[in-house]
There are 2 protein chains.
Amino acid sequence: MKLEKGATAKVILDAAEALTQTRGFNGFSYADISEAVGLTKASLHYHFRTKAELGRQLIVRYSDTFEVALAEIGVRAPDAPERLERYVSLYTGVIAGERLCLCGMLAAEVTTLPPAMGDEIRRFFDLNEAWLTNVLEQGREAGSLRYEGSALGAARLLLGTLEGAMLVARSYGDPGRFEESAHQLLAQFTKA
Amino acid sequence: MKLEKGATAKVILDAAEALTQTRGFNGFSYADISEAVGLTKASLHYHFRTKAELGRQLIVRYSDTFEVALAEIGVRAPDAPERLERYVSLYTGVIAGERLCLCGMLAAEVTTLPPAMGDEIRRFFDLNEAWLTNVLEQGREAGSLRYEGSALGAARLLLGTLEGAMLVARSYGDPGRFEESAHQLLAQFTKA
DNA sequence: GTCTATAACGAGATAGAC
DNA sequence: GTCTATCTCGTTATAGAC
């Protein structure tokens, strides 16, 4: 049961998403969104009663979009190595915009966020881990990927590395650092 | 030229450090420190005129302490693999306290922080990278470590992975996730 | 050094007109 | 749906007594 999102709600979410990914959820206010979209603070409250609710919907939309992108990769990329390559490129796009992964950013602030947001953050990570685990298992069976230990463990290593590499790279304003680390790790999985 | 730090200043820094590592720099106020240390907000301003200055000194002290710990590892641990193991254990202690690395947390908020804090955050990362690069070079020369590419690249991969693994692990309240990822990566460097 | 008191501002949120 | 106006509270920071 999904409510229809008005065009205005979408514009507000876009602005809030950009602000969250660059400044953090505690680093912006309704006044900042107001300035970005050209509506008064009061009008924003009509669309999102509370900031907590806005935050929760932010993550839900982000996860949904990500899920679609992952399915798309499954369709377009034939083998596991290329799927991983394209997975990394999803994050390359994020860091190129001087943003962090929405949920990576929120994970840093999680102790100060409403519990409902924490639940959605973990759902996002779960989604990523499940997809990666699946790809890693396929790759190992097909002989195109090599790694020690469980596929789940490797998936978590991959996800953690991408989140952390973005975090550090952005503090230098240098997306190249992210790509270097990401590909060095990927190389570990694909080398003969 | 180093100013002597009074005992009260140290207590304040301890409280502020804990708050920053758990809630983020934008996630606490002088009122929170006040409650933790039993001084009024006004008294805190006597020791640290502004929150920006408190934040800067927080990072400087953290880096200094870390530098001492790294030197200690150099003295106690004979070979590169054991030095890496002990390096990881520094972070294990952090995540065990349900905290993040101070500079990992601050890196997420960097766009909202005073520029002086951003400079100190990068100095911390530089310090880590330089130490790791050195250990990785030693290990490769001694034949106790194996990795592709430059030692600096491997150092950055290691640092990024640790920061990210902490970030994700803490959002599940599960330090075990951090240790799994850290050791899986270390294993890549030490395996025959 | 620590306190009380307060200034000056920004935050999230609501009431009610249009 | 969007606005103006306002409320209440929390924030950083300062003045001045003790």
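The rules we used
Residues numbered from 1 in each chain as written. Chains lettered and ligands numbered in written order. Predicted model: local features only at pLDDT ≥ 70, side-chain atom pairs only at ≥ 80, totals over all residues. Heavy atoms only, no water. Helix = DSSP H or I, 4+ residues; strand = E, 2+ residues; numbered from the N terminus. Rg over C-alpha atoms; globule rule 2.2 N^0.38 Å. Buried < 20%, exposed > 50% of the residue type's maximum accessible area, 1.4 Å probe, protein only. Contact = heavy atoms within 4.5 Å. Areas by Shrake-Rupley, 256 points an atom, 1.4 Å probe, with all protein chains shown as cover. Lys, Arg positive; Asp, Glu negative; His and termini not counted. Charge placed at Lys NZ, Arg CZ, Asp CG, Glu CD. Near = heavy atom within 4 Å. Polar contact = N/O pair within 3.5 Å; in protein donor to acceptor, adjacent residues only side chain to side chain. Nonpolar A, V, L, I, M, F, W, Y, C, P; charged D, E, K, R; others polar. Phe/Tyr/Trp six-rings, centres within 6.5 Å; stacked < 30°, edge-to-face > 60°. Buried area = accessible area lost by both parts, 1.4 Å probe. Salt bridge = Lys/Arg side-chain N within 4 Å of Asp/Glu carboxyl O. pLDDT = per-residue confidence, 0-100. Expected span 1.5 Å × (residues − 1).

### A closer look at the overall build of chain A
Along its length, chain A carries nine helices and zero strands. In chain A, the succession of α and β elements from N to C terminus is α-α-α-α-α-α-α-α-α. For chain A, the C-alpha radius of gyration of 18 Å lies close to 16 Å, the compact-globule estimate for 192 residues. Residue burial in chain A is summarised as follows: out of 192 residues, 50% are buried. Within chain A, contacts between residues at least 6 apart in sequence are counted, and of these 67% link residues at least 24 apart. Accessible surface, chain A as shown: approximately 8500 Å² in total, 53% of it carbon and sulfur. Across chain A, the mean location of the 21 positive side-chain charges is 3 Å away from that of the 25 negative side-chain charges.

### A few points about the protein's contact with DNA strand D
The full set close to DNA strand D counts 16 residues, and Thr40(A), Ser43(A), His47(A), Ser29(B) and Lys51(B) are the nearest of them. Protein-adjacent atoms of DNA strand D, using a 4 Å cutoff, are sugar or phosphate at a proportion of 63%. In this structure, a phosphate oxygen belonging to DNA strand D sits 2.8 Å away from a main-chain N or O atom of Thr40(A). Separating a phosphate oxygen of DNA strand D from a side-chain N or O atom of Ser29(B) is a distance of 3.4 Å. Elements that contribute at least two residues to the surface near DNA strand D include exactly helix H3 (41–47) of chain A together with helix H2 (30–37) and helix H3 (41–47) of chain B. Here the residues of the surface near DNA strand D sort into seven nonpolar, seven polar and two charged.

### Regarding the packing of aromatic side chains
This structure, assessed with the given rule, holds 20 aromatic pairs over all chains. With a centroid separation of 6.0 Å and an interplanar angle of 35°, the aromatic rings of Tyr62(A) and Phe66(A) are classed as tilted. Here Phe66(A) and Tyr62(A) lie together in helix H4 (residues 51–76), a separation of four residues that amounts to about one turn. On the basis of relative accessibility, which here comes to 9%, the residue Tyr62(A) falls in the buried class. Where Phe25(B) meets Phe28(B), the ring centres are 5.8 Å apart and the plane angle is 90°; that geometry is what we call edge-to-face. The two residues Phe25(B) and Phe28(B) agree in class, both being buried.

### Some points on the interface of chain A and chain B
Facing 39 residues of chain A, the contacting portion of chain B comprises 39 residues. Here chain A and chain B share an interface that buries about 3600 Å² over both sides, 56% of which is from carbon and sulfur atoms. On inspection of chain A and its partner chain B, the count reaches two salt bridges. The partner of Arg177(A) in a salt bridge is Glu129(B), with the nearest N and O atoms 2.7 Å apart. On the surface where chain A and chain B come into contact, there are 17 residue pairs in polar contact (both at pLDDT 80 or more). With 13 residues, the top contributor of residues to the side of chain A that touches chain B is helix H8 (residues 151–171) of chain A. Looking at the side of chain A that touches chain B residue by residue, the class counts come to 13 nonpolar, 14 polar and 12 charged.

### Comments concerning the confidence of the model for chain A
Averaged over all residues, the pLDDT of chain A is 97; the fraction at 70 or higher stands at 97%. Looking over chain A, one finds the lowest element-wise mean pLDDT in helix H9 (residues 175–190) of chain A, namely 97, and the highest in helix H6 (residues 102–109) of chain A, namely 99.

### Digging into the protein's contact with DNA strand C
Close to DNA strand C lie 16 residues; Tyr30(A), Lys51(A), Thr40(B), Ser43(B) and His47(B) are nearest. Atoms of DNA strand C within 4 Å of the protein: sugar and phosphate make up 64%, bases the balance. Ser29(A) places a polar side-chain atom, nitrogen or oxygen, 3.1 Å from a phosphate oxygen of DNA strand C. Interatomic distance of 2.8 Å between a backbone N/O atom of Thr40(B) and a phosphate oxygen of DNA strand C.

### What about the side chain of Thr161(B)?
Along the chain, the position of Thr161(B) falls in helix H8 (residues 151–171). In terms of polar contacts, Thr161(B) uses its side chain to reach the backbone carbonyl oxygen of Leu157(B), at 2.8 Å. Aside from chain neighbours lying at most four places away, what touches Thr161(B) is Leu157(A), Gly160(A), Thr161(A) and Leu185(B).

### Description of helix H1 (residues 7–23) of chain B
For the α-helix, the turn length of 3.6 residues means that residues three or four positions removed from each other point alike. All names here are of chain B. Taking 1.5 Å per residue as the helical rise, H1 with its 17 residues ought to reach 24 Å, and the 24 Å between its terminal C-alpha atoms agrees with that figure. Buried residues of H1: Ala9, Ile12, Leu13, Ala15, Ala16, Glu17, Leu19, Thr20 and Gln21, and no others. Along its buried surface, H1 packs onto H2, H3, helix H4 (51–76), helix H5 (80–96), helix H6 (102–109) and H8. Following H1 by one or two positions, Gly24 adopts a phi angle in the positive range, close to 90°.

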